[in-house]
Amino acid sequence: MSESAPHPAVGLDDVTHQRVRLGVLVMLAEIPECAFATLRAELQLTDGNLNRHVQVLVDAGLVTLTKGYENNRPRTWVKLTRDGRRALRAELSALEQLTARLKAADLDDPSP
């Protein structure tokens, strides 16, 4: 192991690494904009739970919210920002580095 390069786990970001927030970022990377209700249904969350996680992403500048109406019903749409795309790429890169290290290790070797 190199002492000059930090462990890939150091690259994991607390904001993006959380399961729900990572799920939101990945969904938003797949489509340009997503209704709050769709995120809630796909990620199997309550309104309050999703709202809290989305607010963390908004505060970090990773997503934006747009409120409006669809068929005379209030709707909230969530959209990934450029910073959000960069943060998602960085998170995936750190996960890929961790995966590569695990593939290189012999996890079946019983010795310590």
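Conventions we followed
- Residues numbered from 1 in each chain as written.
- Predicted model: local features only at pLDDT ≥ 70, side-chain atom pairs only at ≥ 80, totals over all residues.
- Heavy atoms only, no water.
- Pairing = 2+ DSSP bridges.
- Helix = DSSP H or I, 4+ residues; strand = E, 2+ residues; numbered from the N terminus.
- Expected span 1.5 Å × (residues − 1).
- Buried < 20%, exposed > 50% of the residue type's maximum accessible area, 1.4 Å probe, protein only.
- Contact = heavy atoms within 4.5 Å.
- Salt bridge = Lys/Arg side-chain N within 4 Å of Asp/Glu carboxyl O.
- Core = buried A, V, L, I, M, F, W, Y, C linked by side-chain atoms within 4.5 Å.
- UniProt positions renumbered as here; feature names shortened; annotations may be inferred.

Below, the discussion takes up the sheet that holds strand 3 (residues 73–80). Strand order across the open sheet formed by three strands is 1-3-2, with antiparallel pairing between neighbours. Edge positions in the sheet fall to strand 1 (34–35) and strand 2 (63–70), since each has one partner strand and no second.

Before going further, it helps to spend a moment on helix 5 (residues 82–104). Each α-helix turn comprises 3.6 residues. Residues three or four places apart therefore point the same way. Along its 23 residues, helix 5 runs 33 Å from first to last C-alpha, staying within 8% of the 33 Å computed at 1.5 Å per residue. Within the sequence span of helix 5, burial applies to Gly84, Ala87, Leu88, Glu91, Ala94 and Leu98. Turning to helix 5, the residues buried within the fold contact helix 1 (14–17), helix 2 (19–30) and strand 3.

Below, the discussion takes up the pairing of strand 3. Both faces of the sheet carry side chains from a regular strand, because those side chains alternate between them. As judged from the two bridges shared by strand 1 and strand 3, these two strands associate in the antiparallel manner. Among the inter-strand pairings, Cys34 is bridged to a residue of strand 3, identified as Val78. Pairing between strand 2 and strand 3: eight bridges, direction antiparallel. The residue of strand 3 that forms the bridge with Thr66 is Trp77. Linking strand 2 to strand 3, which pair antiparallel, is a turn of two residues; within it Asn71 sits at a positive phi near 55°.

What follows covers the pattern of salt bridges. Using the criterion set out here, one finds three salt bridges in the structure. In this structure, the salt-bridge partner of Asp47 is Arg40, at a minimum N-O distance of 2.6 Å. Here Arg40 falls in the partly exposed class, since its relative accessible area comes to 28%. Note that Arg86 and Asp83 form a salt bridge whose closest N and O atoms lie 2.4 Å from each other. Linking Arg86 with Asp83, this pair stays in helix 5, spanning three residues, or about one helical turn. Classification of Arg86 as partly exposed rests on a relative accessible area of 46%.

It is worth spelling out the nonpolar core at this point. Counting 20 residues, the largest nonpolar core has Val24, Leu25, Leu28, Leu39, Leu50, Leu57 and Val63 as its most contacted members. Listed by contribution, the elements that provide at least two residues to this core are helix 2, helix 3 (36–42), helix 4 (47–59), strand 3 and helix 5. Considering every element that reaches this core, the biggest residue donor is helix 2, with six residues. The residues contacting Leu39, other than those within four sequence positions of it, are Val24, Met27, Cys34, Leu50 and Val78.

With that out of the way, let us pick up the UniProt feature "domain: Winged helix DNA-binding" (unreviewed entry) in the chain. UniProt records the feature "domain: Winged helix DNA-binding" (unreviewed entry) for residues 20–98 in the present numbering. Its end C-alpha atoms 20 Å apart, residues 20–98 is made of 61% helix and 23% strand.

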